[in-house]
Structure formats: structure tokens, C-alpha cells
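So you can see what is in the structure, the chains are spelled out below.
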Amino acid sequence: MATWSICESPVGRLTLIGGTDGLRALHFPGECGDLDDAARDDEGLADAIDQLQEYFAGERRSFDLNLDLRGTPFQREVWTQLSAIPYGATRSYGALSAAIGRADRSRAVGAAVGRTPIPIIVPCHRAVGADGSLTGYRGGLRRKRALLDLEAGVRRLERQPSAEYVRSVDWDECAAEGAWGGVKSGLRAGRHLGGTRG
């Protein structure tokens, strides 16, 4: 039976789905339907939540989790290549295609990147256009830019704020260009940035 838990993060409330073989999915806000309260397992998914919080705090560059990646052999090959992109680096869809020996399949690679079931942990945000431009991202381009900036050392967040603070902040707005500094300042000052979470 699938289990689930919530990770409050600077890019919104992330829903984690676990299975018997490991973490199965990560959903951004608005992607996940109703969940069975009886299947909530905060303890069973605590390691994934802790590692994500360390990542957002700038204290973790890679994840050490059991993953239950479900997809076609081609998709899993692409996801393996995504996982090999170092923290702070990017790769074009063409380079990913070449890495799997299918330089003619960059569009198919792009589609597989877009279907990554566990974004952030399988770093599909590190896939970019041939000219380095940001292209589609399941979580939205603002989140993609925020994640890349975090890894580039442009922005850093403090340790996780209180649950009350997390609920009070419009994290989608804070993930917009230039807003992470305001989040950091707000955490230090212990003040709210305004906005409400749904």
C-alpha cells in the first residue's frame, strides 16, 4: 500500500508518496488529489523529508534514498542520466540524448525528463535548452530557477522555519525571481512576509 507525507519547503508544500520499495513520487502543490488519512506515514518518510530540508538549507548536495522509479526502460535510462548531473551543473537535452547513445532522440528525452516522478531528488531541474535557457518544468519555471540558483550558491535558506511561519507565507510568491533573499531576511527577523497558503 502506498503511504504519504508532507514536506514543507521554500518551493511549496511537497507531497511525498512512498511504497514498499522506496520513495515513489514527489508532487508539487496542486498536483496531488485527495489522500487517505489512514495512509499518512510521517515516520516512514521522515528520512526523505529530513534530506529535502537539508538540501534546501544548502547542507546536502545529493540524496541517499531508496527510490521506486516506475517507468519505461527508456525513461529510467534518462532518469539515471539526470541523477548523474552534479549538484550546481546543468546538461542540455541534447547532451542527455548523447549520453544514452540516442543523439537523435532529444525530444523523447525531453518528454522523459518531464515525466520524472520524483523531481528535485531526481534532478530534472538541471536539464536545460541547448543554449542554456530554462525550458518547461513540471513545477513551473520559477521553481526551476529557484532550485538552480540555490545550487549555484546565489540563494540560501536558513534551517526550516516553524510550521506556523510556513503556513503564513505564500511560498509560490517567495520562489519568484529575487524573493528568496526576502525569505531569508524574514526568517532572521522572525517576521512574516505576508500572504497565505491554501
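Right above here is the structure, for reference.
Reading the values: the criteria
- Residues numbered from 1 in each chain as written.
- Predicted model: local features only at pLDDT ≥ 70, side-chain atom pairs only at ≥ 80, totals over all residues.
- Heavy atoms only, no water.
- Core = buried A, V, L, I, M, F, W, Y, C linked by side-chain atoms within 4.5 Å.
- Buried < 20%, exposed > 50% of the residue type's maximum accessible area, 1.4 Å probe, protein only.
- Helix = DSSP H or I, 4+ residues; strand = E, 2+ residues; numbered from the N terminus.
- Contact = heavy atoms within 4.5 Å.
- Expected span 1.5 Å × (residues − 1).
- Pairing = 2+ DSSP bridges.

What should I look at first to understand the nonpolar core in this one?
Phe-56, Leu-82, Val-113 and Ile-120 are the most contacted members of the largest nonpolar core, which has 36 residues in total. Sorting the residues of this core by element identifies β2 (12–19), β3 (22–27), α1 (46–56), α2 (73–83), α3 (93–99), α4 (106–114) and α5 (141–152) as the ones contributing at least two each. A total of five residues in this core trace back to one element, the largest contributor, which is α1. Setting aside residues no more than four positions away along its own chain, Val-113 makes contact with Val-78, Leu-82, Tyr-93, Leu-96, Cys-124 and Ala-127. Formed by five residues, the second largest nonpolar core is a distinct cluster that contains Ile-6, Ile-17, Ala-25 and Ala-39.

Which parts of the structure should I look at to understand α5?
Working note: α-helix, 3.6 residues per turn, so residues spaced by three or four point in the same direction. Taking 1.5 Å as the rise per residue, α5 with twelve residues should run 16 Å; its terminal C-alpha atoms sit 16 Å apart, in good agreement. Looking at the residues trailing α5, positive phi occurs at Gly-153, about 80 degrees.

For this particular structure, what's the right way to read the pairing of strand β1 (residues 3–9)?
Residues in a regular strand project their side chains so that they alternate between the two faces of the sheet. Most of β1 sits out of view: seven of its seven residues are buried. Going residue by residue along β1, you find Thr-3, Ser-5, Cys-7 and Ser-9 tucked away on one face and Trp-4, Ile-6 and Glu-8 tucked away on the opposite face as well. In the sheet, β1 pairs with β2 via seven bridges, with the strands oriented antiparallel. Across the sheet, residue Ser-9 finds its bridge partner in β2, namely Gly-12. Counted between consecutive antiparallel strands, the loop separating β1 from β2 contains two residues.

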